Amino acid sequence: MTAFHRTAAWGALVRRMRPVLQAQVDAGTAVCLDCGRPVLPGDRWQVGHRLGRDSHPHLALMDWNVGTSHGGQKGRSCNQRAGARYGNAKRAARAKRSTEMLPW
Ligand SMILES: [Zn+2]
């Protein structure tokens, strides 16, 4: 969990959107943002971003930019995998930059 996910603004958005998204799950219309598979009633899920916070920070708190993503402690956890992919890519880019020689 990042510092962003501990902010009051994110917490308020999640509290507002969870019932809306839960209704979609219960109706059988929810789709995982990360794997594209259905999020079925009884599945563990989390509120995730459609357009990532890294590439679209100005959209991070928009209602329409969040949706369901499989997540939690058991079963599929697409939300955590997506976060790990993002974190690993960011670390790799930082490591590459730090080892590159400056052109003279
Ligand atoms: Zn998924």
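Residues numbered from 1 in each chain as written. Predicted model: local features only at pLDDT ≥ 70, side-chain atom pairs only at ≥ 80, totals over all residues. Heavy atoms only, no water.

Draft legend 1. Structural detail: the pattern of salt bridges. Throughout the structure, instances matching the rule amount to one salt bridge. Ionic pairing is found between Arg 16 and Asp 63, a salt bridge with its closest N-O pair at 2.6 Å. Taken as a pair, Arg 16 in helix α1 (residues 8-27) and Asp 63 in the loop between β1 (45-49) and β2 (66-70) lie far apart in primary sequence, 47 residues in all. Classification of Arg 16 as partly exposed rests on a relative accessible area of 45%. Take Asp 63: its relative accessible area is 34%, and that puts it in the partly exposed class. (Salt bridge = Lys/Arg side-chain N within 4 Å of Asp/Glu carboxyl O. Helix = DSSP H or I, 4+ residues; strand = E, 2+ residues; numbered from the N terminus. Buried < 20%, exposed > 50% of the residue type's maximum accessible area, 1.4 Å probe, protein only.)

Draft legend 2. Up close: a positive patch on the surface. Taken together, Lys 90, Arg 91, Arg 94 and Arg 97 make up a surface patch of like positive charges. Note on placement: Lys 90 falls in helix α2 (residues 78-99). A relative accessible area of 43% places Lys 90 in the partly exposed class. (Patch = residues over 30% accessible without salt bridge, like charges linked within 9 Å, V, L, I, M, F, W, Y side chains within 5 Å. Areas by Shrake-Rupley, 256 points an atom, 1.4 Å probe, with all protein chains shown as cover. Lys, Arg positive; Asp, Glu negative; His and termini not counted. Charge placed at Lys NZ, Arg CZ, Asp CG, Glu CD.)

Draft legend 3. Representation of the coordination of the zinc ion in the model. Bound to the zinc ion on the protein side are Cys 32 (SG), Cys 35 (SG), His 70 (ND1) and Cys 78 (SG), at distances that span 2.1 to 2.4 Å. Classification of the site at the zinc ion as tetrahedral follows from its four donor atoms and the range of 103 to 119° in their angles at the metal. Within one chain, the residues donating to the zinc ion are spaced in sequence as C-x2-C-x34-H-x7-C. In this structure, His 70 and Cys 78 share a single accessibility class: buried. (Donors = N, O, S within 2.8 Å, 3.2 Å for Na, K, Ca; no water. Tetrahedral: all angles 85-135°; square planar, octahedral: opposite > 155°, others 65-115°.)

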